[in-house]
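# Summary of structural features
Given next are the chains, with one letter for each unit.
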There are 2 protein chains.
Amino acid sequence: MATNRQRKTRADGERTRRAILHEAVRLATLDGLEGLSIGNLADALGMSKSGLYAHFGSKEELQLAVIDEAGGIFRAEVIDPAIAAPPGLGQLVAVCDAFFDHLKRRTLPGGCFFAGAILEMGTRPGRVRERVSAFQADFLRLLRSFAAAALDREELPADEDPELLAFELNGIILAANARFVLSDGADGLGVARTATRRRLGLASDARAAATWDSV
Amino acid sequence: MATNRQRKTRADGERTRRAILHEAVRLATLDGLEGLSIGNLADALGMSKSGLYAHFGSKEELQLAVIDEAGGIFRAEVIDPAIAAPPGLGQLVAVCDAFFDHLKRRTLPGGCFFAGAILEMGTRPGRVRERVSAFQADFLRLLRSFAAAALDREELPADEDPELLAFELNGIILAANARFVLSDGADGLGVARTATRRRLGLASDARAAATWDSV
DNA sequence: CCTACCGATCGGTAGG
DNA sequence: CCTACCGATCGGTAGG
């Protein structure tokens, strides 16, 4: 069978593609989606520029694939753990804690990919901007749905507004990322965890908050 | 007097310098501090690249001057109005509202200069990063001092923590900027104003919040 | 996936 | 402030 004689299988290509994208997401959190250059990425991977063009036809196609890869990482490290938590209030705490863990784990050297991508691409019309915007909209929708579930279960005061709560928790997340990037360390994530609990009306264990930073 | 025969006075040079920097800050909110190129800036000003090098010896010197100029704009539009407000709680509301006005006024096309600069330069060691970091630290200190004053005046519950409150208000500000950049409009600043008031325990006038967006 | 190349643009300099 | 230039790097292509 002729189709089996190829030296590189489709699976090999897929594996290479994933390896390229993972490195590209890492570099993009340091240099931005525009600052990410094909030459730099090729050097980091020990391959040639034209090798990258064989996988992605243009820089824009690479950027779109990088956004999807970053979305997969975010889903695996932040969203999936939250969905697995107890519905309602439990998911609201879990999604924030999972985000802080995502930072502390340093999967990506420059902190949250999307926090940076929103500000970098937000003013540049095009497919890249729309892809980033759609991911952020999905995330805010998820926060709102967790908040609505918590309200249904009467785990929050009846006059709470899911839209407002989602906005504020997103703010705590962005402030935590900014602090993480500037301090170049997990210092100060304790205050983010305390802020999350205060906003949700949960007891903020002062002893635990103090140790979070040193973990 | 030989010193008076020069055709261009020092004041002329200073005026040119300010014109360069104002345009540079605007461009930097669209392309970032690294994406800001000497060639682009020279074209936008109708002058030559070497004309810019006469004012700033290197790109890093230009970036540092741009940060100072952006700091001046932020002080004039956000910090000074807040300091002029009634001490304590009044200043906390005023600084957030002044920030939202700063966005709505569209002084800078890409939203808040520092929100972007923190994420772009936070992972690039050097003088530029330190300058941006110092400005953000000063701003957080200002928020903390307003919060401490409000506590002293018993305008906030006695168990409030100025550090925590400053962190959360900074988060609301960052979330408002992200929403502004993505929506490319002032839509949605109403929820930021409502969030500010809710956090500070103030009555959030629903009618007023609804009209804020349409103003 | 490679080498070898394209025109455009980058930050920066020489000399005026 | 200008023209004219430098080497390096940009995104992308030809041809294999």
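Residues numbered from 1 in each chain as written. Chains lettered and ligands numbered in written order. Predicted model: local features only at pLDDT ≥ 70, side-chain atom pairs only at ≥ 80, totals over all residues. Heavy atoms only, no water.

Here we come to the interface of chain B and chain A. Contacts between the two partners involve 38 residues from chain B and, on the opposite side, 38 residues from chain A. Buried area between chain B and chain A, both sides added, is near 3200 Å², and the carbon and sulfur share of it is 67%. For the chain B face of the interface with chain A, the top three residues by lost area are B:Leu119, B:Phe167 and B:Leu182, together amounting to 24%. Joining chain B to chain A, the criterion identifies six salt bridges. In this structure, B:Arg179 and A:Glu163 form a salt bridge, with 3.1 Å as the shortest nitrogen-oxygen distance. (Contact = heavy atoms within 4.5 Å. Buried area = accessible area lost by both parts, 1.4 Å probe. Salt bridge = Lys/Arg side-chain N within 4 Å of Asp/Glu carboxyl O.)

Residue and element names in this part refer to chain B. Contact geometry for helix H6 (residues 113-121) and helix H7 (residues 127-152): axes closest at 10 Å, N-to-C directions at 135 degrees. Taken together, the axis directions place H6 and H7 in an arrangement best described as oblique. Remark: the crossing between H6 and H7 carries left-handed chirality. Seen from H6, the contacting residues are Phe114, Ala117, Ile118 and Met121; seen from H7, they are Val128, Arg129, Val132, Phe135 and Gln136. (Axes fitted to C-alpha atoms, helices over the stretch in contact; angles between N-to-C directions. Helix = DSSP H or I, 4+ residues; strand = E, 2+ residues; numbered from the N terminus. Parallel < 35°, antiparallel > 145°, perpendicular 65-115°, else oblique. Left-handed = near helix turned anticlockwise from the far one by under 90°.)

To continue, consider the confidence of the model for chain A. Of all residues in chain A, 91% attain a pLDDT of 70 or more, and the chain-wide mean is 92. Scored below 50 in pLDDT, residues 1-6 of chain A makes zero contacts in the model with residues more than four places away or belonging to other chains. (pLDDT = per-residue confidence, 0-100.)

The transformation that overlays chain B on chain A combines an axial shift of 0.0 Å with a rotation of 180 degrees, and the residual RMSD is 0.0 Å. Here the symmetry operator amounts to a two-fold rotation axis. Measuring from the rotation axis to each C-alpha of chain B, the shortest distance belongs to B:Gly171, at 2.0 Å. (Least-squares fit on C-alpha atoms with pLDDT ≥ 70 in both.)

Residues and elements named next belong to chain A. Applying the stated criterion across every chain, the model contains 36 salt bridges over all chains. Of the charged contacts, one joins Asp68 and Arg131 as a salt bridge, the two residues approaching to 2.9 Å between their closest N and O atoms. On the criterion of sequence distance, the pair formed by Asp68 in helix H4 (residues 59-83) and Arg131 in helix H7 (residues 127-152) is long-range, its members being 63 residues apart. One network of salt bridges, in which partners are shared, links Asp97, Asp101, Arg193 and Arg197.

The next point concerns H4(A). Compared with the 36 Å implied by 1.5 Å per residue over 25 residues, the 34 Å span of H4(A) between its first and last C-alpha is a close match. A:Arg75 marks where H4(A) bends most, by close to 45 degrees. (Expected span 1.5 Å × (residues − 1). Bend = angle between axes of the 7 residues up to and from the residue.)

What follows deals with the protein's contact with DNA strand D. Around DNA strand D, the structure places 16 residues, and the nearest of them are A:Ser37, A:Tyr53, A:Lys59, B:Thr16 and B:Ser48. Considering DNA strand D, the proportion of its atoms within 4 Å of the protein that are sugar or phosphate atoms stands at 48%. Take A:Ser37: an N or O atom from its side chain is 2.7 Å from a phosphate oxygen of DNA strand D. For DNA strand D, a base oxygen lies 3.0 Å from a polar atom in the side chain of A:Lys49. Looking at the surface near DNA strand D, the elements with two or more residues in it are helix H2 (38-45) and helix H3 (49-55) of chain A together with helix H3 (49-55) of chain B. Per element, the largest residue contribution to the surface near DNA strand D is four residues, and it comes from H3(B). Here the surface near DNA strand D is built from residues that sort into five nonpolar, nine polar and two charged. (Near = heavy atom within 4 Å. Polar contact = N/O pair within 3.5 Å; in protein donor to acceptor, adjacent residues only side chain to side chain. Nonpolar A, V, L, I, M, F, W, Y, C, P; charged D, E, K, R; others polar.)

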